[in-house]
Amino acid sequence: MMFFKVLCLFSLIFIHSNLFAKDGSAIALIYHRFENNQYPSTSISKKTFYEQLLYLKENNFNVLPISTLVEFFYNEKPLPKKSVFITVDDAYKSFYEHAFPILKKFNFPFSIFLSTNFVTENEKSDFVSWQMLREMRKYKGDIFNHSHSHNSFVKFSLEEIRNDVLLAEKILDEKLGKIRRVISYPYGESNKIIEGLIQKLGYKIAFSQHSSPIHFKENKYNLPRFSINEEYGELKRFKQIVNLKPLVLNFFEISKNNKNNTSLDITFTSKLNNKNINCFVNDGILTKEIKENLIKIKLTELNENKRYRLNCTLFQNNQLHWFGKMIIRENDKFTF
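Caption draft 1: Region of the structure containing the sheet that holds strand S13 (residues 249-256). Spatially, S13-S14-S17-S16 is the arrangement adopted by the 4 strands of the open sheet, whose pairing is antiparallel. Two strands close off the open sheet at either side, each with one partner strand: S13 and strand S16 (285-291). Strand-to-strand twist in this sheet, taken as the mean axis angle between neighbours without regard to direction, amounts to 15°. The sheet contact formed by strand S14 (residues 264-270) and strand S17 (residues 294-300) spans 5 bridges and is antiparallel. In the sheet register, Leu-264 faces S17, and the bridge partner there is Leu-299.

Here it is as structure tokens:
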């Protein structure tokens, strides 16, 4: 009898710990340039960046290294509440000059996704050197793969993608020592076939550039990140982003509804109150209806060679929940 009680107690603890692990969520942020007014859509001022990090510090957010996210997905180690990941794509020198000193001051870990073809010792270049990268690694900076050439993977053959990823991997390992197998897609663009290749190459997780909180049911090879820049980086919006919770969907399906590839039908449902979910798209026309608890969205007038970002939100119990999806129309086909 005593053995049975102990076994039951152990089982309850095990089940509770697994549920707790799977219930965790986090926000991943993506930055590019700093103090560069020529590129407001990819740059942010160091003043604004400082204010953002100060908010995280003063409000007890857990700024974590990417390794924590790998452990979350593969070993079900729980994410603490208010988890945030700071990522930087492309390794512009402006990050080293303006943002890195601020990160050191706050003692926050960060991740750089690096396209190896652009690393240079040329002092006039916009990109960092290997020496700068080694210095940043000493101060909680992880360096990860962002391809060699920084060309969109959806325009490459699988063999070209494979060669490009492995070349960057080889250079990174030689210059910095063996790095953890984490990658972000150039321009955030991928598809299921590309994601399968990245998994076969031994990568644990991969990042895109659509906006959504990360949760346990998320696709590990298409993880979302919120883009932070001067156009949309004001502190009010930043506070909203880092406090978001995921809008977890039970079912999600996209299908074409005409021969001209100019429109899509999207159907999904959530455990939360479907009637109060609002959806938006950055271009094209969106119409929404609810049938038998299913949300049906029609996207029309979708033009060629564009990236569309579908975002759906729900405000419930004083908490904003968010779901995001990137849809790419490349020539006569969609990628999602």
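So much for the structure itself; the text now carries on.
Caption draft 2: Focus on unusual backbone geometry. Positive phi outside glycine occurs at Asp-90, with the angle close to 85°. Positive phi, normally seen in glycine, also occurs at Ala-91, with a value near 55°. With respect to the element layout, Ala-91 can be found in the loop between strand S5 (83-89) and helix H4 (93-106).

Caption draft 3: Quick peek at the packing of aromatic side chains. Overall, the coordinates contain 24 aromatic pairs when judged by the stated rule. Geometrically, the ring pair formed by Phe-34 and Phe-95 is tilted, given 5.8 Å between the ring centres and 50° between the ring planes. In this pair, Phe-34 sits in strand S2 (residues 33-34) while Phe-95 sits in helix H4, placing the two residues 61 residues apart along the sequence. Each member of the pair, Phe-34 together with Phe-95, is buried. Ring centres 5.6 Å apart and planes at 20° place the aromatic pair Phe-106 and Phe-108 in the stacked group. The pair formed by Phe-106 and Phe-108 is uniform in burial state, with each residue classed as buried. Aromatic ring contacts, followed pair by pair, group Tyr-31, Phe-34, Phe-49, Phe-95, Tyr-96, Phe-100, Phe-110 and Tyr-139 into a single cluster. One residue, Arg-33, lies across the ring of Tyr-39, its end atom 3.7 Å from the ring centre.

Each value, and the rule that gives it
Residues numbered from 1 in each chain as written. Predicted model: local features only at pLDDT ≥ 70, side-chain atom pairs only at ≥ 80, totals over all residues. Heavy atoms only, no water. Pairing = 2+ DSSP bridges. Helix = DSSP H or I, 4+ residues; strand = E, 2+ residues; numbered from the N terminus. Axes fitted to C-alpha atoms, helices over the stretch in contact; angles between N-to-C directions. Phe/Tyr/Trp six-rings, centres within 6.5 Å; stacked < 30°, edge-to-face > 60°. Buried < 20%, exposed > 50% of the residue type's maximum accessible area, 1.4 Å probe, protein only. Lys NZ or Arg CZ within 6 Å of the ring centre and 35° of its normal.

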